[in-house]
There are 2 protein chains.
Amino acid sequence: MIFSKDSKATSWVEGANGSDFSIQNLPYGVFSHGGSSRRVGVAIGQRVVDLSVLHGAGLFAGTPVAGENVFACDALNDFMALGVDAWRGVRRRLVALLAAESSNDAAGKVVEVDSTLRDDAGLQAKAMVPLGDVTTHIPSHVGNFVDFYSSKEHATNIGSMFRDPSNPLLPNWVHIPIGYNGRSSSVVVGGTDIVRPCGQTKADDADAPTFGPCRLLDIELEMGFFTGKANALGTPIPASNAPDHIFGMGLVNDWSARDIQKWEYVPLGPFLGKSFATSVSPWVVSLDALAPFRVDQPVQEPDVLPYLRVDGDWGFDINLQVDLKSAKMNEAMTICRTNFKYMYWTIVQQLVHQTSNGTNVAPGDLYGSGTVSGPTPDSYGSLMEICWKGTKPLKLPTGEERKFLADGDTVTLSGVCNAHNFKVGFGEVAGTILPARAC
Amino acid sequence: MIFSKDSKATSWVEGANGSDFSIQNLPYGVFSHGGSSRRVGVAIGQRVVDLSVLHGAGLFAGTPVAGENVFACDALNDFMALGVDAWRGVRRRLVALLAAESSNDAAGKVVEVDSTLRDDAGLQAKAMVPLGDVTTHIPSHVGNFVDFYSSKEHATNIGSMFRDPSNPLLPNWVHIPIGYNGRSSSVVVGGTDIVRPCGQTKADDADAPTFGPCRLLDIELEMGFFTGKANALGTPIPASNAPDHIFGMGLVNDWSARDIQKWEYVPLGPFLGKSFATSVSPWVVSLDALAPFRVDQPVQEPDVLPYLRVDGDWGFDINLQVDLKSAKMNEAMTICRTNFKYMYWTIVQQLVHQTSNGTNVAPGDLYGSGTVSGPTPDSYGSLMEICWKGTKPLKLPTGEERKFLADGDTVTLSGVCNAHNFKVGFGEVAGTILPARAC
């Protein structure tokens, strides 16, 4: 179900109201606790609701997932594969179980409260785990990871630094949601430590390359969407079908070894400069939870080709933030505040383009947005841009300086949508840099 | 077990001796027949041996796969994950069951014949299916597909055509096995028809791009290796461990839409120009079967960095061939004869480089070699090179001309290693071009 932006609905669950994980949100993730197997849950307030337990208790009777327990799984893929009607049926049921009172959806339809869970302390004890007690895992088996390059500000910054400030965008950029295939095996859940990679690099003034620890380790603040239903190979997905094929969104940190990338990437693109790790947030926010925050995308000029013309407001007003904390700092410092609404190419255009040649998507695929940079230096989504190729180092409160990441640094991305009476938050995706292994 | 190149071992199975699928070969694949589920088999002569049936009959007792039936699977991944000791134990057992007489391995160790299968007509009826009756499937779930660019002749040809004939190789090429992440979801088994993709292209003299069917559809003759054991994220694989991590090799046709690729690929590399389909051969030849055909790789000059210095002869003497048959032709015409021994970068260097930044490989990953081109025009592995950017069209016996592929064309890649008394063949990987869908 879709709440309106004016929704005043509340939940009876501790800590839910006013939090990132409100009744209007209900993000999905995979967790374990106390040595349990992995299972699917929904975060609300300070609790994770174990959907596999609710399913076992018969609480999804009458919904499209009443049959097989798709939540007693180590990944969301099976649920993602079902499509939007199943997701909506489950969401409506969860709202009924978790809301404090009956409420209206955006279409005016009433969702009656079901007090089964609220009134059953025994079931709550089994099904509602304190958020602080769970271990979160990667939300899906990511079969295919694609990373786009869809922020005009970011592409312009990079083009200005490395090509021509007076003509920074390549000619294809305004016609194509440029992207490339990333490495799916090294997509990890937020909280995973990141080992500084080794690799081959060549200084501009050196005769030959050398091999050693990356010296220019960077972040990329991104979001990503997870795919829902599969399509058959050879069958493009039209924009009108996007709601069945896009399950939801999460935060993505596309860790980047700039020195490795620079030496290797011509002519076939980024490879080992990116493939050592990509972090995703543990909680995936559904498109229906994000619906109140849809906004128009930036004007696309020149006009895009007809296959990329997508009706509707497919931008999203999501506030994004990057925090950096060195090993010496007591608390993190915010180094970027930006918004997903700046993205030039929308997630639907990305999906339509990606499949326009017949490529098949699989449930649980991850499609990264590319670095989200805004119009001003404090809204740039990578250290490369924030420190402008190392020419404007960040001053940390400890007196330290940063042009790129140092060992021991922790980077945390967070994101939240703000309505008048509620928030829909993504939580965070964090990672701490560990020293390189001997190489 | 490893046969020497002088092996005279024979098999009692019909059609095996002198064929691609000899007792010295025993390639693995996944097949179904008569409505059965998918299972793992080995091709020999005109038969496929159903390993799941042999396992069920207890014939792998005493081998490392005696426990769970890893052959009653729809993919080779579980078997691939076990590592080289398990693969060798199974290979030795299969040789014992399928050889006509006891034989010596390359180390002089005797492999005694076991006549259990040969003498049991009932078991043969269940376990040995005519090759012509089976449906072959993709050998593994390909979690990650990487495509390298490891032929110096190919890279030189492309650089000569599109950059500078006097300086065709980019500076990094002789230092790095250049590669990129490909699309794993669209890796298909040989025999699958290929729908001509649609996509965005721009003519050099046009003001704006257009969207429509690819006009410059090409092949790339490649081989690929499938990975065995996984490594942990953050832990590079040293060359000495390669035998545990490389299961075997197959033929790969990396279908390429040159016009889509040309417009999209700067700066992040090939994307939709490649992702619509990649074909692999149904039969995977193990590294032990290929061992008699190992040869020195070409001299690498300048010296590679220490992490890429790999001892041993990791080139392979594999004769490769491309056949083209238009819809009007009665029989196919050979348009390329080349050899895998020309490859500048070896599969072990590719694996070591790929994991040098800590990237984790998974069992069943596919690593394509890049186009295999030899030194002469009749040994080039793509139409782009054979027809030199369309300037030297192929004349077909029907009077037709080809610069790139036309609808109805069938392309077949094949590969074989020749010893004095036996062959180790890869069979073939074929694909027929279907017209584009309305786009």
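Computed from a prediction, not measured in an experiment: that's the story for all the values here.

K.L.:
Explanation requested: the overall build of chain A in the structure shown.
P.N.:
Scanning chain A from N- to C-terminus turns up ten helices and 28 strands. Radius of gyration (C-alpha) of chain A: 22 Å, near the 22 Å computed for a compact globule of 439 residues. Overall size of chain A, expressed as C-alpha extent along the three principal axes, is 70 × 50 × 40 Å. Taking all 439 residues of chain A together, the buried fraction comes to 62%. Considering only contacts within chain A whose residues lie at least 6 apart along the sequence, 71% involve residues at least 24 apart. When the accessible surface of chain A is split by element, carbon and sulfur atoms take 50% of a total near 15,300 Å². Separation between the mean location of the 35 positive side-chain charges and that of the 46 negative ones in chain A comes to 3 Å.

K.L.:
Teacher, can you tell me more about the relation of the copies chain B and chain A here?
P.N.:
In this arrangement, two copies of a chain are superimposed by a rotation about an axis accompanied by a shift along the axis. It takes a turn of 180° to lay chain B on chain A, together with a shift of 0.0 Å along the axis; the resulting RMSD is 0.0 Å. Classification of the inter-copy transformation places it as that of a two-fold axis. Considering only C-alpha atoms, the residue of chain B closest to the rotation axis is G269 of chain B, which sits at 2.1 Å. The overlap is high: 100% of the interface residues of chain B also sit at the interface in chain A, so the same surface is used on both sides.

K.L.:
I'm lost on the side chain of E220 of chain B in this one. Help?
P.N.:
Take E220 of chain B: it is sitting in the loop between β14 (217-218) and β15 (221-227). Looking at E220 of chain B, its side chain comes within polar contact range of the side chain of T371 of chain B, at 3.1 Å.

K.L.:
Is there a simple way to think about the pairing of strand β16 (residues 246-253) of chain B in this case?
P.N.:
Regular strands have side chains that alternate between both faces of the sheet. Residues and elements named next belong to chain B. Of all eight residues in β16, eight are buried, a share of seventy percent or more. Relative to β16, β15 runs antiparallel, the two sharing seven bridges. Opposite T227, over in β16, you have I246 as the bridge partner. In this structure, β16 lies alongside strand β19 (residues 285-286), joined through two bridges in antiparallel fashion.

K.L.:
Would you explain the packing of aromatic side chains in this entry?
P.N.:
Residues and elements named next belong to chain A. The tally for this structure, following the rule as stated, stands at 30 aromatic pairs over all chains. Measuring from centroid to centroid gives 6.3 Å for Y380 and W388, while their planes differ by 35°, and the two rings are tilted. For Y380, a relative accessible area of 9% translates into the label buried. Each member of the aromatic cluster is reached from another via a ring pair, and the members are Y28, F60, F71, F79, W87 and F247. The side chain of K389 reaches across the aromatic face of F162, ending 4.8 Å from its centre.

Calculation criteria
- Residues numbered from 1 in each chain as written.
- Chains lettered and ligands numbered in written order.
- Predicted model: local features only at pLDDT ≥ 70, side-chain atom pairs only at ≥ 80, totals over all residues.
- Heavy atoms only, no water.
- Helix = DSSP H or I, 4+ residues; strand = E, 2+ residues; numbered from the N terminus.
- Rg over C-alpha atoms; globule rule 2.2 N^0.38 Å.
- Buried < 20%, exposed > 50% of the residue type's maximum accessible area, 1.4 Å probe, protein only.
- Contact = heavy atoms within 4.5 Å.
- Areas by Shrake-Rupley, 256 points an atom, 1.4 Å probe, with all protein chains shown as cover.
- Lys, Arg positive; Asp, Glu negative; His and termini not counted.
- Charge placed at Lys NZ, Arg CZ, Asp CG, Glu CD.
- Least-squares fit on C-alpha atoms with pLDDT ≥ 70 in both.
- Polar contact = N/O pair within 3.5 Å; in protein donor to acceptor, adjacent residues only side chain to side chain.
- Pairing = 2+ DSSP bridges.
- Phe/Tyr/Trp six-rings, centres within 6.5 Å; stacked < 30°, edge-to-face > 60°.
- Lys NZ or Arg CZ within 6 Å of the ring centre and 35° of its normal.

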